[in-house]
Amino acid sequence: MKFFLLLSLLGLCSAQYDPHTQYGRTAIVHLFEWRWVDIAKECERYLAPKGFGGVQVSPPNENIVVHNPFRPWWERYQPISYKICTRSGNENEFRDMVTRCNNVGVRIYVDAVINHMCGAGGGSGTSSTCGSYYNAGNREFPSVPYSGWDFNDNKCDGEISNYNDAYQVRNCRLSGLLDLALEKDYVRTKIADYMNHLIDIGVAGFRLDAAKHMWPGDIKAVLDKLHNLNTRWFSQGSRPFIFQEVIDLGGEAIKSSEYFGNGRVTEFKFGAKLGTVIRKWNGEKMSYLKNWGEGWGLVPSDRALVFVDNHDNQRGHGAGGASILTFWDARMYKMAVGFMLAHPYGFTRVMSSYRWPRNFQNGKDVNDWVGPPNNNGATKEVTINPDTTCGNDWVCEHRWRQIRNMVAFRNVVNGQPFSNWWDNGSNQVAFGRGNRGFIVFNNDDWSLSTTLQTGLPGGTYCDVISGDKIDGNCSGIKVHVGSDGRAHFSISNSAEDPFIAIHAESKL
Ligand code: AAO
């Protein structure tokens, strides 16, 4: 009995850190700006069969409509109401998506914009995705309703100008956005009502946008009001998965550790540092990755949500700077994502983007605002080409063979220890995950040719980076592992993808 109580207590305590993915599914994908109808189809036709655990969706609540520039992606970070009504679809479509994805074991995580409403200069009228009236000047949002005294203007009615002042960061305006007074029970209740509406529909958790700009205690008060997850798909007593967007690259007043009590945090050092290593900037080498994770000053693994790039820093917003790797640097990007998915650290999120006409002027992309592929503002369908890639300018990194197959690798090696590290003191490295998987990288300017202990049972394996195992055959490189677990690897520095990965289920 005592043991059982302890177990259930532990279960309760750890719940907000648990993504509630189906057993053995270890990664989620951010389908940035996708429509709900397309996500529903993607869950059924691709994500479930390929072993993805869930999807982070763009903010589903009504937002301001910006005409100048024309329909930027960032208008979705300016709420007008909590109606489920955006360019991605209406509430019926949202419900249908959540049901269909859950039915095939793929979870939905909502990007919750709860720190603020639209910008102070947003004017007034009904230029919103559902036509709800608002008046930014008077701080009136009648569809919630919020009015003047629900905002922090009495504490600070200006911009955040100093990130070394925690008070400013949490009470002043982020980019001029009207800052909600989360210490008020009324505001907390309105936000919790919105989130509970989504929980009841069946979502599994939330990304808390701009969490750094809210007091951890205020977030906790909101979270304490949340329902348990819907028992149609989740076991009784399951708490929503929470990951908080806290940018902590060091050197500021606010530390991401202040938020550990509420849930996980986005670990921005991960992509910034890994990008620097793969680019070989500042004298960094892949061999230094031997103690990747906490050893590099990252937050504890069980508190981290990790990613190579996100919707902000892939276009120069947010933080991370020039080292961030994206689909625009495809060869290095695949290595970085491959490393992330092979390594046991953190809970992993894969980015899935759309292409936009980048235009650098004086080092800045003046098209960093461009919204998703659209016809006159209406988001375009994600079409699928005969070769399984996406059309209509959707990049669909999650469908790239190397990335999709590394998601499967992570599932196969789930729970196995980091093992058999090898490096050449430079940028050739290899490591395994117990006796279930092994990966080798050559990021040097010369070829790799060496025999390594893989930890795997003897046999012939299919490299899932250069090909696929199909009907027992391998369309890529074959790797022969001896009965002693050793295998010879050669990787040219000019290979299309200079890395090789094999795992228990790629054995021929
Ligand atoms: C838009 C317009 C604005 C306009 C505003 C209101 O662009 O000109 O004033 O509307 O009308 C997104 C866009 C914004 C957009 C906004 C609303 O990115 O451009 O504003 O929607 O439409 C901070 C926050 C972080 C935030 C990030 C963008 O801490 O929470 O800025 N990310 C989220 C979302 C994002 C969204 C919002 C929040 C708002 O993911 O998409 O904005 O809902 C430092 C700080 C960081 C700070 C950055 C950028 O980072 O540490 O906390 O992020 O600055 O201000 C090095 C340092 C690093 C530093 C970085 C940049 O890397 O190491 O610490 O440099 O200085």
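Rules behind the numbers
Residues numbered from 1 in each chain as written. Predicted model: local features only at pLDDT ≥ 70, side-chain atom pairs only at ≥ 80, totals over all residues. Heavy atoms only, no water. Axes fitted to C-alpha atoms, helices over the stretch in contact; angles between N-to-C directions. Helix = DSSP H or I, 4+ residues; strand = E, 2+ residues; numbered from the N terminus. Parallel < 35°, antiparallel > 145°, perpendicular 65-115°, else oblique. Left-handed = near helix turned anticlockwise from the far one by under 90°. Contact = heavy atoms within 4.5 Å. Nonpolar A, V, L, I, M, F, W, Y, C, P; charged D, E, K, R; others polar. Pairing = 2+ DSSP bridges. Disulfide = S-S within 2.5 Å. Buried < 20%, exposed > 50% of the residue type's maximum accessible area, 1.4 Å probe, protein only.

Draft legend 1. Structural detail: the packing of helix H7 (residues 268–279) against helix H8 (residues 330–342). Running from N to C, H7 and H8 cross one another at 125 degrees; their axes reach a closest spacing of 10 Å. In terms of axis orientation, H7 runs oblique to H8. Considering the relative orientation of H7 and H8, their crossing is right-handed. Together, Phe270, Leu274, Ile278 and Arg279 of H7 and Met332, Met335, Ala336, Phe339 and Met340 of H8 make up the contact between the two elements. Counted by class, the contact of H7 with H8 contains eight nonpolar, no polar and one charged residues.

Draft legend 2. Region of interest: the sheet that holds strand E29 (residues 499–503). In space, the four strands of this open sheet follow the order E20-E21-E22-E29, with antiparallel pairing throughout. Looking along the sheet, the strands with just one partner apiece sit at the ends: strand E20 (418–423) and E29. For this sheet, the mean inter-axis angle between neighbouring strands, taken without regard to orientation, is 10 degrees. Pairing analysis gives four bridges linking E20 to strand E21 (residues 428–433), with the strands arranged antiparallel. Looking at E21, one finds that Phe418 is bridged to Arg433. Along the sheet, H8 contacts E21, strand E22 (437–442) and E29; its crossing angle with E22, the most-contacted strand, is approximately 150 degrees. Docked against the sheet, helix H9 (residues 401–412) engages E21, E22 and E29, running at close to 40 degrees with respect to E29.

Draft legend 3. Broad picture of the state of the cysteines. Tallying each qualifying case throughout the model produces five disulfides. Shown here is the disulfide that connects Cys390 with Cys396, its sulfur atoms set 2.1 Å apart. Disulfide Cys390-Cys396: torsion about the S-S bond near -95 degrees, hence left-handed. Each member of the pair Cys390 and Cys396 is classed as buried. A sulfur-sulfur distance of 2.1 Å marks the disulfide that ties Cys462 to Cys474. For the disulfide bridge between Cys462 and Cys474, the dihedral angle about the S-S bond is near 70 degrees, and by the sign convention the bridge is right-handed. Residue Cys462 is located in strand E24 (residues 459–462), and its partner Cys474 is located in strand E26 (residues 473–474); the two are separated by twelve residues in the primary sequence.

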